[in-house]
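A closer look at the structure
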Amino acid sequence: MTNYPINMNIEPKVEAFFDPATNTISYVVKDPNSDSCAVVDSVMDIDYAAGRITYDSADKIIDHITSNGLKLEWLIETHVHADHLSGAPYIQEKLGGKIGIGKNICTVQETFGKVFNEGTEFQRDGSQFDSLFEDGDTYMIGGMRAFAIYTPGHTPACMTHVMGNAAFVGDTLFMPDGGSARADFPGGDSAELYDSIQKVLSLPDDTRLFMCHDYGPNGRDIEWETSVAEEKAHNIHVGGGKTKDEFVKFRTERDAQLDMPKLIIPSLQVNMRAGEVPTDEDGNPMLKVPVNAL
Ligand SMILES: [Fe+2]
């Protein structure tokens, strides 16, 4: 396994922003020793029925950063989300920072470039993003060294981002009572997801884990933070020593029963472009609906 530059002595300040419309949690992560920060998995609001995009969620993050005098260095996407639109370009326009995602975005762009019948003007090389991460790549948030762990399975481009003693797992894991995310999107793979989860669970036991989603199972309040130790002991899909075979069988049967996420069609078109809304030949923002293609 890659020798990751783990530093549990750095404890970043993590501010969470919950979006009730999509059950997404976005984060502002601050270097404890400077004013530098990163945003992880921001949200752009959409009323899909009306085709209307707004920025209330992103504005909350912008307000937090400006009112605390922080300097935004990175806008991290843990993966190409299928259930919400990224607010990264809107925040970048106001505050700067670089938008980064896993290098396998190119695979995702290839797959969904076909699904949405995109023309040659849609680049499938990840060039819409400022930075493409590979397993073990590091980057700085002020004086804090962050690194990316390649954690595919939910999608081929999923990465877990570790910043000091905090890890942002995207959809690789849910809270212990939520289990794990589906692995049946094009390019998803439940066996790969199991291996990726094991990578995350091999981080130090007291690593703080931050989820991208929570649905409050069994009526509990929304939560987003747990630890490697908690997940290892109690995760209902992989905890307590569940085997890969058990996981793959369970995940495959479960995924076959799940409906598509409500916002998958707009989300993929926008997020595979680093959060930019596509335009028609006249330059007007326009989304497509491929029929019977997903
Ligand atoms: Fe996801």
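The following paragraphs examine the structure supplied in this document. In this text the structure is predicted, and so the values were computed from the model without any measurement.

The rules behind the values
- Here the residue index of a chain counts from 1 through its sequence in written order.
- Note on the predicted model: pLDDT of at least 70 is required for a residue's local features to be given, and 80 or more for side-chain atom pairs to be given and counted; whole-chain, interface and lining totals, by contrast, use all residues.
- Neither water nor hydrogens contribute to the side-chain values; these are computed over all heavy atoms in the structure.
- Numbering goes from the N terminus for both helices and strands, where a helix is a DSSP run of H or I of at least four residues and a strand is a run of E of at least two.
- Only C-alpha atoms enter the radius of gyration, while the globule expectation follows 2.2 Å times N to the 0.38, with N the number of residues.
- Lys and Arg are tallied as positive, Asp and Glu as negative. Neither His nor the chain termini are counted.
- Taken as the charge location is NZ of Lys, CZ of Arg, CG of Asp or CD of Glu.
- In this description, a disulfide is simply a cysteine sulfur pair whose atoms lie within 2.5 Å.
- Residue burial is assigned from relative accessible area. The probe radius is 1.4 Å, only protein chains are included, and a residue is buried under 20% of its type maximum, exposed over 50%, and partly exposed in between.
- Take the buried residues of types Ala, Val, Leu, Ile, Met, Phe, Trp, Tyr and Cys, join any two whose side-chain atoms come within 4.5 Å, and each joined set is a nonpolar core.
- Throughout, a contact is declared for two residues whenever any of their heavy atoms are within 4.5 Å.
- The term salt bridge refers to a pairing of a side-chain nitrogen on Lys or Arg with a carboxyl oxygen on Asp or Glu at a separation within 4 Å.
- Aromatic rings from Phe, Tyr and Trp, taking only the six-membered ring of Trp, are treated as a pair when their centres fall within 6.5 Å; an angle between ring planes under 30 degrees marks them as stacked, one over 60 as edge-to-face, and anything in between as tilted.
- At least two bridges found by DSSP between two strands is the condition for calling them paired.
- Where helices are involved, their axes are fitted lines through C-alpha atoms of the stretch in contact, as for all axes, and angles between N-to-C directions lie from 0 to 180°.

Overview of the overall build of the protein chain
A count of helical and extended segments in the protein chain gives 7 helices and 14 strands. For the protein chain, whose C-alpha radius of gyration is 18 Å, the value lies close to the compact-globule estimate of 19 Å for 294 residues. With the C-alpha coordinates of the protein chain rotated into their principal frame, the extents come out at 55 × 50 × 40 Å. Counting 24 positive and 46 negative side-chain charges, the protein chain places the centres of these two groups 2 Å from one another.

Side note on the state of the cysteines
By the definition in use, this model includes 0 disulfides. Here Cys 106 stays unpaired: no disulfide links it, and the sulfur of Cys 158, its closest cysteine neighbor, is 15 Å away. Here Cys 212 is not cross-linked by a disulfide; its sulfur's nearest cysteine counterpart is in Cys 158, at 9.4 Å. You can call Cys 212 buried: its relative accessible area is 1%.

What to know about the nonpolar core
Ranked by internal contacts, the top residues of the largest apolar core, which has 32 residues, are Val 28, Ile 65 and Ile 91. Every element with two or more residues in this core is listed here: strand 3 (36-40), helix 1 (56-67), strand 6 (71-76), helix 2 (88-95), strand 7 (98-102), helix 3 (105-115) and helix 7 (264-271). The residues touching Val 28, leaving out its near neighbours within four places in the chain, are Lys 13, Val 14, Glu 15, Phe 17, Cys 37, Ala 38, Val 39, Ile 61, His 64, Ile 65 and Leu 70.

Quick look at the pattern of salt bridges
Under the definition given, this model contains 11 salt bridges. Through salt bridges with shared partners, one network takes in Glu 118, Arg 273 and Lys 288.

Some details on unusual backbone geometry
Backbone geometry places Asn 218, a non-glycine residue, at a positive phi of 55°. Here Asn 218 lies in the loop between strand 13 (208-210) and strand 14 (225-227). On the basis of relative accessible area, Asn 218 is assigned to the exposed category, the value being 80%. Phi at Asn 292 takes a positive value of approximately 55°, unusual for a residue other than glycine. Its place among the elements puts Asn 292 in the segment after helix 7. By relative accessible area, which is 78% here, Asn 292 ends up exposed.

Notes on the packing of aromatic side chains
Per the counting criterion, the structure on display carries 10 aromatic pairs. Among the aromatic residues, those joined into a ring-pair cluster are Tyr 27, Phe 168 and Phe 210.

Looking at the sheet that holds strand 13
Taken together, 6 strands build an open sheet; the order of strands is 9-10-11-12-13-14 and the sheet is mixed. The sheet is open, and its two edges are formed by strand 9 (138-141) and strand 14, each paired on a single side. Mean inter-strand twist for the sheet, computed between neighbouring axes without regard to direction, equals 30°. Bridging between strand 13 and strand 14 involves 3 bridges; their strand directions are antiparallel. Residue Leu 209 lies in a different strand from strand 14, and its bridge partner there is Thr 226.

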